[in-house]
Amino acid sequence: MSRPGFVLEVDERTPPLLIHQGEGFRLEGLPLGSKVIYPPDSLPGIRDVNAAIRHALLHPHGMEPLPELLKPGMKLTIAFDDISIPLPQMQTPDIRQRILEHVLELAARKGVDDVELVAANALHRRMTPSELKRAVGERVFRAFFPEHLRNHDAEDKANLVNLGKTDHGEDVELNKRAVESDLLIYVNINLTAMSGGPKSVSVGLASYNSLRHHHNSHTLKHSRSFNDPPNSAMHHSYNRMADLLGGHVKVFTIETTMNNEPFPSAMSFLNKREWEWNLKDQASYLAVKRGNDMLPPKMRRKLWQSSYAPYGVTGINAGAPSQVHPLTLQKVHQQQRVEVNGQSDVGIFGVPFICPYNVNSIMNPILVTSMGLGYQFNMYLNQPIVRKGGVGIFYHPMPNEFHPVHHPSYIDFFEEVLAETTDPAQLEAKYEKQFATDEWYIHLYRNSYAYHGVHPFYMWYWAAHAMDHLGDVIFVGADRRTAGRLGFRTASTLGDALEMAKHTVGSSPEISYLHMPPLTLADVR
């Protein structure tokens, strides 16, 4: 029986607590009375995943069984989530592979031979052939790549179609092949409450012309939070686009949820609460930390990026997106939600080594900001764990390091745009269109493995809500010059950070630590 999440109040018996800091971690003693927000225990995974997939496809919600939707001579497109999810990458076989194999087998039995597979990467970098093979499996890869298995190209004007505007004037411009198909199947991995549902197609297969309507500083500032769709302006836009899309495309969605097992057995202590560590866990912590700290940075990064997660699949539901997604959210909340009584003056967040945009890559300073002030700050329902005007304390070394192939526009954004302003609305108004339409960035996005030129802007907007909400942002252990360019202060220790925070929240602040990963969704009342 899995235990629910709970909030621990630090007292004299509480051991030092583990805090992630990039490609490393530390044990930190928090002040007495601090609140530590832990997720529920990891749910058990489905024992027979193949049987669960078959059941979902044959007993969908709000649609006919999949075999009844498949006809000879039809045009079938299957889109799937790209490399940005799950985090970390899961151990093989990937759930996308397992689902695709079942769907393709049904399609073959029904005589469907016009089939295209599309990675729904939006403005993310293209997946490499080896990354595609890992996601879809060798059998599917050999059968479809490269002619019929490809990345979505948001800049291929000839293969985009504009379906019109929503009642709010938002363009809905999507992958032409998907829109013109008799059936579009979307294979999803729902790691957080932010993803899936109306987001899958309207983001993953969209162009900049569409994405700009919900990926902007105003919308993201008023998405409170990303993981609370009824209170998210971003999701309201997704819903409007999905309503328009529904009149043009038949979408059969297959959504999956994972449990909270992001770390392999050699690092299983990272999945446990500290006071439950046994002697083996304590020894593992010491050995892993000592070895990790001794590694050269490149080797350390490679080791973390190859630490594949032993995720268990906790749910598989298929059918109409509007009927499937509520079931998905129930399972996500069951795994991650924990009730928290009230806000604190100070929130503490340990930024881990991985985010959606540095898989097999480098977490540059913009991505650290997006992960900490964007994704982690927004892991709440109802209201943030930190009060308005409070202080956010984040742990990450934040080196001035960028991947030149994956993140070329990030480098220019950091050196040129942030040198002038860190205000999301100001930099959006002055620079976004220039980066979004730059021919060189577009060339690299389409022909190399670069994120789109506008992508660093989106990651900066991701932090707009936290920037507006917090009275101060302090990074513990960060490179001072790098953090300064981003507009953040730095401290060497937690004690120094709390001393600095006194000017904003006083000398006896209430403190909450959102203990993640594993993923924790704070339901703050």
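All of these numbers come straight from a predicted model, not from anything done at the bench. All chains use their own residue numbering, which begins from 1 and follows the written sequence. Side-chain atom pairs in this predicted model are given and counted only at pLDDT of 80 or more, local residue features only at pLDDT of at least 70, and totals for whole chains, interfaces and linings cover all residues. Calculation of side-chain values draws on the structure's entire complement of heavy atoms; hydrogens and water are dropped beforehand.

The sites that carry the UniProt feature "domain: LarA-like N-terminal" (unreviewed entry) are, in the present numbering, residues 37-225. Helical segments are the DSSP runs of H or I of at least four residues, strand segments are the runs of E of at least two, and each set is numbered from the N terminus. Taken end to end, residues 37-225 has its terminal C-alpha atoms 18 Å apart, with 33% of it in helix and 20% in strand. UniProt positions are given in the numbering used here, feature names are shortened, and annotations may be inferred rather than shown by experiment.

Further remarks concern the pattern of salt bridges. One side-chain nitrogen of Lys or Arg within 4 Å of one carboxyl oxygen of Asp or Glu is enough to make a salt bridge. Going through the model one piece at a time under the given rule, you end up with 33 salt bridges. The closest approach of N and O atoms between R3 and D41, which form a salt bridge, is 2.7 Å. With R3 in the segment before β1 (6-9) and D41 in the loop between β4 (35-38) and α1 (49-58), this pair connects stretches of sequence that are 38 residues apart. A residue is classified by how much of its surface remains accessible, and R3, at 36% relative accessible area, is partly exposed. For E155, the salt bridge goes to K157, with nearest N and O atoms at 3.3 Å. For every residue, the accessible area obtained with a 1.4 Å probe (protein chains only) is divided by the maximum for its type, and the residue is called buried under 20%, exposed over 50%, and partly exposed between those limits. When its relative accessible area of 59% is taken as the criterion, K157 is described as exposed. What emerges from the salt-bridge pattern is a single network uniting R3, D41, R273 and E276.

Attention now moves to the nonpolar core. By convention a nonpolar core is built from buried Ala, Val, Leu, Ile, Met, Phe, Trp, Tyr and Cys residues, the set being connected through side-chain atoms within 4.5 Å. In this structure, L66, I78, L117, I185, F252, I254 and I366 are the most contacted members of the largest nonpolar core, which totals 148 residues. Top contributing element to this core by residue count: helix α3 (residues 95-109), with seven residues. Where each domain begins and ends follows an automated or database-derived domain assignment. Counting contributing residues, this core receives three or more from each of domain 1 (6-41 + 336-524) and domain 2 (49-258). By definition in these notes, contact holds between two residues if any of their heavy atoms fall within 4.5 Å. Aside from chain neighbours lying at most four places away, what touches L66 is L57, V103, L106, L183, I185 and F252. Membership of the second largest hydrophobic core comes to 23 residues, among which are L17, L30, Y38 and I474.

Let us now look at the pairing of strand β3 (residues 25-28). Pairing between strand β2 (residues 17-20) and β3: four bridges, direction antiparallel. Looking at β3, one finds that I19 is bridged to R26. In this description, strands pair whenever DSSP reports at least two bridges between them. Hairpin connection of β2 to β3: four residues between the antiparallel strands, including G22 at a positive phi of 70°.

Topologically, D82 is positioned in the loop between β5 (75-81) and α3. Here D82 sits buried without a salt bridge, and the closest side chain of opposite charge, R96, lies 6.0 Å off (N-O distance). Nitrogen and oxygen atoms within 3.5 Å of one another constitute a polar contact, given that in protein one can donate a hydrogen and the other can accept it, and given that sequence-neighbouring residues count only through two side-chain atoms. A polar contact of 2.8 Å, which involves the side chain of D82, links it to the side chain of H124. Other than its neighbours up to four places away in sequence, D82 contacts R96, A120, N121, H124 and M127. Counted as positive: Lys and Arg. Counted as negative: Asp and Glu, with His and the chain ends omitted from the count.

What follows concerns the sheet that holds strand β12 (residues 313-319). Strand order in the open sheet formed by six strands is β7-β6-β5-β10-β11-β12, with mixed pairing between adjacent strands. Two strands close off the open sheet at either side, each with one partner strand: β7 (149-151) and β12. Across the sheet, the mean angle from the axis of one strand to that of its neighbour is 15°, orientation sign disregarded. As paired strands, strand β10 (residues 183-190) and strand β11 (residues 251-258) are joined by seven bridges and run parallel to one another. Under this scheme, a helix contributes an axis fitted over its contacting stretch, all axes are lines through C-alpha atoms, and angles between N-to-C directions fall in the 0 to 180 degree range.

This next bit is on the sheet that holds β4. Within the open sheet, the seven strands sit side by side as β1-β4-β19-β14-β16-β17-β18. Their pairing is mixed. Of all strands in the sheet, those bounded by a partner on one side alone are β1 and β18 (489-491). With direction set aside, neighbouring strand axes in the sheet form an average angle of 25°. Across four bridges, the pairing between strand β14 (residues 344-350) and strand β19 (residues 511-514) is parallel. When the bridges of β19 are listed, F349 appears paired with L514. Along the sheet, helix α14 (residues 365-376) contacts β14, β16 (386-395), β17 (472-476) and β19; its crossing angle with β17, the most-contacted strand, is approximately 125°.

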